[in-house]
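# A closer look at the structure
Okay, here's what each chain looks like letter by letter:
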Amino acid sequence: PEDDPVGVALPAWPHDPDRARALLREAGHGSGLRVRFSAAALPPTPAVTADVAAQLAEVGITLDVRHYDDPPWWPAVYLQGGWQMAIQSASARPHPHIMFGRDLTTGGAFNPGGFSDAALDAAVAQARACADAALQRALYAQAQRIVHDRVAVLPLYASDVMAAVRPGVEGFAPHPLGYVELEDVSC
């Protein structure tokens, strides 16, 4: 998101259903395309999946959606595969390297789509080793532009996680990644 300390404003992708249909025809899928789609069954992902499916159906792409519980959604997507497109939520990252290094660089542990871009890899590696905060921000801005231009991931929304407690609630602690864990909470 733009309010992230290293976030940059990026242009919106054009919404052009006619061009999308033309691209499908050019790719030999003029009569439509069916895509195996993996998504977590946890809210709000099913609602977001339904919106994405409806928009893609308008241009001739049908999603064959497989909802997984979490777990085993994580191993199903990252270890077993069998999908062509996946949607997942992602919490805020305490440092941009966690997202770029794990999720988007070549060979990243959480890069199940296998995205690979030498310029992105170089910018992320240089940013990770950089002690100059301004240069590091510039390198992560470059990385965001590469990811945006190559459409390595398609961010659909960014949500804020807010939590509040009333007096008498014990055991609640905010999580740095925005998770709300209630296991040790009592009233």
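Just above, that's the structure.
Residues numbered from 1 in each chain as written. Predicted model: local features only at pLDDT ≥ 70, side-chain atom pairs only at ≥ 80, totals over all residues. Heavy atoms only, no water.

### A few points about the overall build of the protein
When helices and strands are counted, the protein shows six helices and three strands. What you see in the protein, going N to C, is helices and strands ordered as α-β-α-β-α-β-α-α-α. A buried classification covers 26% of the 187 residues belonging to the protein. For the protein, restricting intrachain contacts to residue pairs at least 6 apart in sequence, the fraction spanning at least 24 positions comes to 59%. (Helix = DSSP H or I, 4+ residues; strand = E, 2+ residues; numbered from the N terminus. Buried < 20%, exposed > 50% of the residue type's maximum accessible area, 1.4 Å probe, protein only. Contact = heavy atoms within 4.5 Å.)

### Comments concerning the packing of aromatic side chains
Within the structure shown, the criterion is met by one aromatic pair. Pairing Phe-100 with Tyr-140 gives two aromatic rings, centres 5.6 Å apart and planes at 15°, and the pair type is stacked. Of the two residues, Phe-100 sits in helix H4 (residues 96–104) while Tyr-140 sits in helix H6 (residues 133–150), which places them 40 residues apart along the sequence. (Phe/Tyr/Trp six-rings, centres within 6.5 Å; stacked < 30°, edge-to-face > 60°.)

### Regarding the side chain of Gln-144
Its location among the elements puts Gln-144 in helix H6. Since its relative accessible area comes to 15%, Gln-144 is described here as buried. Other than its neighbours up to four places away in sequence, Gln-144 contacts Val-6, Gly-7, Val-8, Leu-10 and Phe-100.

### Describing the pattern of salt bridges
When the charged atoms of two side chains with opposite charge come close together, those side chains can pair. Within this structure, the stated rule accounts for four salt bridges. A salt bridge links Arg-66 to Asp-64; the nearest nitrogen and oxygen atoms lie 2.7 Å apart. Among the residues examined, Arg-66 registers a relative accessible area of 44% and is labelled partly exposed. (Salt bridge = Lys/Arg side-chain N within 4 Å of Asp/Glu carboxyl O.)

### Section: a nonpolar patch on the surface
A cluster of nonpolar side chains, namely Trp-13, Val-151, Leu-154, Leu-156 and Tyr-157, defines an oily patch on the protein surface of about 460 Å² accessible area. Looking at the element boundaries, Trp-13 is found in the segment before helix H1 (17–26). The exposure class assigned to Trp-13 is partly exposed, which follows from its relative accessible area of 34%. (Patch = residues over 30% accessible without salt bridge, like charges linked within 9 Å, V, L, I, M, F, W, Y side chains within 5 Å. Areas by Shrake-Rupley, 256 points an atom, 1.4 Å probe, with all protein chains shown as cover.)

### Things to note about the sheet that holds strand S3 (residues 85–87)
Read across the sheet, three strands follow the order S2-S1-S3 without closing on themselves; strand pairing throughout is parallel. Since the sheet does not close on itself, it has two edges, and those belong to strand S2 (61–68) and S3, each with one partner. Between one strand axis and the next, the sheet turns through 30° on average, direction left out of account. Relative to S3, strand S1 (residues 33–40) runs parallel, the two being bridged by three bridges. Bridge pairing in S3 links Ser-38 to Ala-86. (Pairing = 2+ DSSP bridges. Axes fitted to C-alpha atoms, helices over the stretch in contact; angles between N-to-C directions.)

### A closer look at helix H5 (residues 118–129)
Along its twelve residues, H5 runs 17 Å from first to last C-alpha, staying within 8% of the 16 Å computed at 1.5 Å per residue. Looking only at H5, the buried set comprises Leu-120, Ala-123, Val-124 and Ala-127. Buried residues along H5 cover an arc of 95° about the axis, so they all sit on one side. Facing away from the buried side of H5 by more than 90 degrees, the exposed set consists of Ala-118 and Ala-129. Residues of H5 that are buried sit in contact with H4 and H6. In this structure Asp-117 caps H5, since a side-chain oxygen of it lies 3.0 Å from the backbone nitrogen of Ala-119. (Expected span 1.5 Å × (residues − 1). Arc of directions from axis to C-beta. Polar contact = N/O pair within 3.5 Å; in protein donor to acceptor, adjacent residues only side chain to side chain.)

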